Amino acid sequence: MTHLPIIIAPDPILKAKAKPVARVDARVRQLLDDMLETMYADRGIGLAAPQVGISERLVVIDTAHEDEPATPLFLVNPEILWRSPETTICNEGCLSLPEYFADITRAEQVRVRYTDRDDKTQDITADGMLAICLQHEIDHLEGKLFVDYLSPMKRSIILRKLRRFKSGEGK
Ligand code: NI
């Protein structure tokens with residue numbers, strides 16, 4: 001497996017709508033495995049393919065705590081079928097926005113349909129951290145970041161600081 005480089009915002013690929021995956025073949029399975037390894041190495045709980053520079057509808061998630069057994073989820077072409085009217089607020093972060101966190105309001109529960117790593121269609125109803133993570137990662141496939149929920153002023157401050165951080169990377 002390969003550790004993939006994470007794309008840091010702002011970057012056009014993080015703003016693009018990702019393309020549907022036609023079928024789950026060896027290439028897609030390898031990519032999902034590499035994404036999972038990358039996510040674990042970077043201590044994330046979710047990762048979407050655009051974050052590793054691939055504009056396809058692929059997501060990996062594992063919301064288990066570090067002292068619990070791993071519960072990896074591989075989602076191909078995930079779509080939200082239903083969102084509960086009840087909402088919840090969580091302090092969110094993102095591997096593409098290192099060291100930034102913000103309180104984001106999302107649906108408390110969601111039902112999601114996706115194709116799994118074995119090319120089977122699955123429906124899950126999720127709550128808690130998994131529901132938040134599903135919404136955050138599926139947003140990535142639409143070119144949406146958590147900072148897009150903030151005021152334009154707050155968002156531009158964060159993105160300006162990240163741009164400065166990126167321009168200093170090679171020094
Ligand atoms: Ni993210």
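Look up: the structure comes first, before these words.
Residues numbered from 1 in each chain as written. Predicted model: local features only at pLDDT ≥ 70, side-chain atom pairs only at ≥ 80, totals over all residues. Heavy atoms only, no water.

Q: Could you clarify how one ought to interpret the overall build of the protein chain in this entry?
A: What the protein chain contains, in helices and strands, is four helices and seven strands. The helix and strand sequence of the protein chain, counted from the amino end, reads α-α-β-β-β-β-β-β-β-α-α. Computed over the C-alpha atoms, the radius of gyration of the protein chain is 16 Å, within 12% of the 16 Å expected from 2.2 N^0.38 for a compact globule of 171 residues. For the protein chain, the spread of C-alpha atoms along the three principal axes comes to 45 × 40 × 35 Å. The buried share of the protein chain, reckoned over its 171 residues, is 43%. Element-wise, carbon and sulfur atoms account for 52% of the exposed surface of the protein chain, whose accessible area totals about 9200 Å². Of the charged side chains in the protein chain, 23 are positive and 27 negative; the average position of the first set lies 9 Å away from that of the second. (Helix = DSSP H or I, 4+ residues; strand = E, 2+ residues; numbered from the N terminus. Rg over C-alpha atoms; globule rule 2.2 N^0.38 Å. Buried < 20%, exposed > 50% of the residue type's maximum accessible area, 1.4 Å probe, protein only. Areas by Shrake-Rupley, 256 points an atom, 1.4 Å probe, with all protein chains shown as cover. Lys, Arg positive; Asp, Glu negative; His and termini not counted. Charge placed at Lys NZ, Arg CZ, Asp CG, Glu CD.)

Q: How do you make sense of a positive patch on the surface when you look at a structure like this?
A: Positive charge collects at one region of the surface, where R160, K161, R163 and R164 lie side by side. Mapped onto the secondary structure, R163 falls in helix 4 (residues 152–167). (Patch = residues over 30% accessible without salt bridge, like charges linked within 9 Å, V, L, I, M, F, W, Y side chains within 5 Å. Salt bridge = Lys/Arg side-chain N within 4 Å of Asp/Glu carboxyl O.)

Q: Hey, could you run me through the coordination of the nickel ion in this one?
A: Ideal values differ by geometry: the angle at a metal is 109.5 degrees with four tetrahedral donors, but 90 or 180 degrees with six octahedral donors. Distances from the nickel ion to its protein donors, C94 (SG), H136 (NE2) and H140 (NE2), fall at 2.1 to 2.3 Å. Donor residues binding the nickel ion come from one chain and are separated in sequence as C-x41-H-x3-H. One end of the pair, H136, and the other, H140, are both in helix 3 (residues 128–141), four residues apart, so they sit about a helical turn from each other. Comparing H136 with H140 shows no difference in burial state: the two are buried. (Donors = N, O, S within 2.8 Å, 3.2 Å for Na, K, Ca; no water.)

Q: Explanation requested: the packing of aromatic side chains in the structure shown.
A: All chains considered together, the criterion is met by zero aromatic pairs. Its guanidinium or amino end placed over the ring of F74, R117 lies 5.7 Å from that ring's centre, counting from NZ or CZ. (Phe/Tyr/Trp six-rings, centres within 6.5 Å; stacked < 30°, edge-to-face > 60°. Lys NZ or Arg CZ within 6 Å of the ring centre and 35° of its normal.)

All quantities given are derived from atomic positions and should not be read as evidence of function.
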